[in-house]
Amino acid sequence: MSSLLAYCRTGYEADTAKELAQRAGELNLYGYPQFNAGQGYVHYHLYNSADGKRLAQQLPLSSTVFPRQLVAVCETLDELDKADRITPIVDAVASLVKVSGPFGRLLVEHADTDAGRELAKFCRKFSVPLRQALRKPGLISQKENLHQACLHVFFTGFDQCQLGYSLAQFPAAFENGICRLKFPPAAPSRSTLKLEEAIVTMLDVSQRERVFRSGGRAVDLGACPGGWTYQLVQRGLFVEAIDNGLIDEALMATGQVQHFAADGFTYKPQMGRVDLLVCDMIEQPDRVAKLMGDWLVNHWADHAIFNLKLPMKKRYECVESAISQLEKRLQKLKTTFTLRVRHLYHNRDEVTVSVIRGEIE
Ligand SMILES: C[S@@+](CC[C@H](N)C(=O)[O-])C[C@H]1O[C@@H](n2cnc3c(N)ncnc32)[C@H](O)[C@@H]1O
């Protein structure tokens, strides 16, 4: 294995490449990125072939910003015969299993681009006979087993695929790295899916239980028309919704929402402190990160989930600068925080940040 394959949003290849180079360098694992703009994935080739495995072992997907999936690539199969693609794939997987042991799961995937989506129907259909062919000789487990590595077969054309794996300790949660969610018809805006994806993918079960305790309180800065407030209300929180705009009437009718037409940069919580601060204001990332830091450092909020809107250029650098200033402030406090930054499937030109406080003093 000598390369790590990262799926990303189309147009974000350069940002993904910069991030992989930086993270690999921090681990003293050196290589170079390879990608074409708009292709929806990046390869990071390692100079030392043994380093590919090390990088996969030391780089959890959840610790990265732009990659949607991280796959340690073992083999590229070209010029697959359309009459029998299965035999060469099974043979290659058999060699791989001799070294790695059997896989617990199979994902047949493609890039999230126009060209990639042309392969979607084929990948879906092909996964059925391929799974059967891999199960017969025991190359993948009979039932899905999330405690074993996941085998990825990533098609880049009808006759080309890459074989690789993601490790069980850093599970590949979704096919193609895409978290599909059903739009709740009662939600006032599609933005609701951004916060829902953040809650279900960035927080673990115990964090969710702590953040969304029954009868808890939240502040939503830049709340209108109310897609994020809707998620908080659904999870039992009482919400102070801050925005000069109009908020959804059905949300107000729940009795769980107070609407304040105020400036999110000067607003303070009604009772001095809330469980959760969320913020979706369209503002400079540095300014939003500073505001979030003020709320967390002064303990006006225990936890925070917020979006940083990205500029057109130097997006990775922009995220780094905003997050590092926030981290520096949090590191001075006695409590520990789990900070994650992810470019979610439902985000466009923005990333979502979750900051979950450890033990509450
Ligand atoms: C992207 S929208 C928020 C959408 C919302 N999260 C939802 O799910 O419906 C951004 C909102 O931030 C509000 N906003 C921008 N600057 C603000 C400020 N300084 N104070 C309060 N609200 C602000 C805007 O009025 C706008 O409604």
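Residues numbered from 1 in each chain as written. Predicted model: local features only at pLDDT ≥ 70, side-chain atom pairs only at ≥ 80, totals over all residues. Heavy atoms only, no water.

S.K.: Tell me about a nonpolar patch on the surface, and name the residues and values.
M.R.: A contiguous nonpolar patch, built from Y30, Y32 and Y47 and spanning about 380 Å² of accessible area, is present on the exposed surface. Mapped onto the elements of the fold, Y47 is located in the loop between β3 (41-46) and α2 (51-58). Judged by its relative accessible area of 60%, Y47 falls in the exposed class. (Patch = residues over 30% accessible without salt bridge, like charges linked within 9 Å, V, L, I, M, F, W, Y side chains within 5 Å. Areas by Shrake-Rupley, 256 points an atom, 1.4 Å probe, with all protein chains shown as cover. Salt bridge = Lys/Arg side-chain N within 4 Å of Asp/Glu carboxyl O. Helix = DSSP H or I, 4+ residues; strand = E, 2+ residues; numbered from the N terminus. Buried < 20%, exposed > 50% of the residue type's maximum accessible area, 1.4 Å probe, protein only.)

S.K.: Can you explain the site of the ligand? Please cite residues and give values.
M.R.: Lining the immediate environment of the ligand, one finds 18 residues, of which G227, D243, D263, G264 and D280 sit closest. For the ligand, whose free accessible area comes to 610 Å², the fraction covered by protein is 76%. For the shell around the ligand, the residue count by class is nine nonpolar, six polar and three charged. (Near = heavy atom within 4 Å. Nonpolar A, V, L, I, M, F, W, Y, C, P; charged D, E, K, R; others polar.)

S.K.: Just give me the short version of the side chain of E13, but keep the residues and values in it.
M.R.: As for its position among the elements, E13 is in helix α1 (residues 13-26). Buried and unpaired, E13 has R315 as its nearest opposite-charge partner, separated by 6.7 Å. At 3.1 Å, the side chain of E13 forms a polar contact with the backbone nitrogen of G38. At 2.8 Å, the side chain of E13 and the backbone nitrogen of G40 are in polar contact. Setting aside its immediate chain neighbours within four residues, E13 contacts C8, F35, N36, A37, G38, Q39, G40, Y41 and V42. (Lys, Arg positive; Asp, Glu negative; His and termini not counted. Polar contact = N/O pair within 3.5 Å; in protein donor to acceptor, adjacent residues only side chain to side chain. Contact = heavy atoms within 4.5 Å.)

S.K.: Tell me about the UniProt feature "binding site: S-adenosyl-L-methionine" (unreviewed entry) in the protein, and please be specific about residues and values.
M.R.: Those places that UniProt annotates as "binding site: S-adenosyl-L-methionine" (unreviewed entry) correspond, in this numbering, to S191, C224, P225, G226, G227, D243, D263 and D280. For C224, the position within the fold is in the loop between β8 (217-221) and α8 (227-234). When neighbours within four sequence positions are excluded, C224 is seen to be in contact with D243, G245, L246, I247 and H259. Its location among the elements puts P225 in the loop between β8 and α8. In this structure P225 touches P188, S189, L246, I247, D248 and L251, once residues within four positions along its chain are discounted. (UniProt positions renumbered as here; feature names shortened; annotations may be inferred.)

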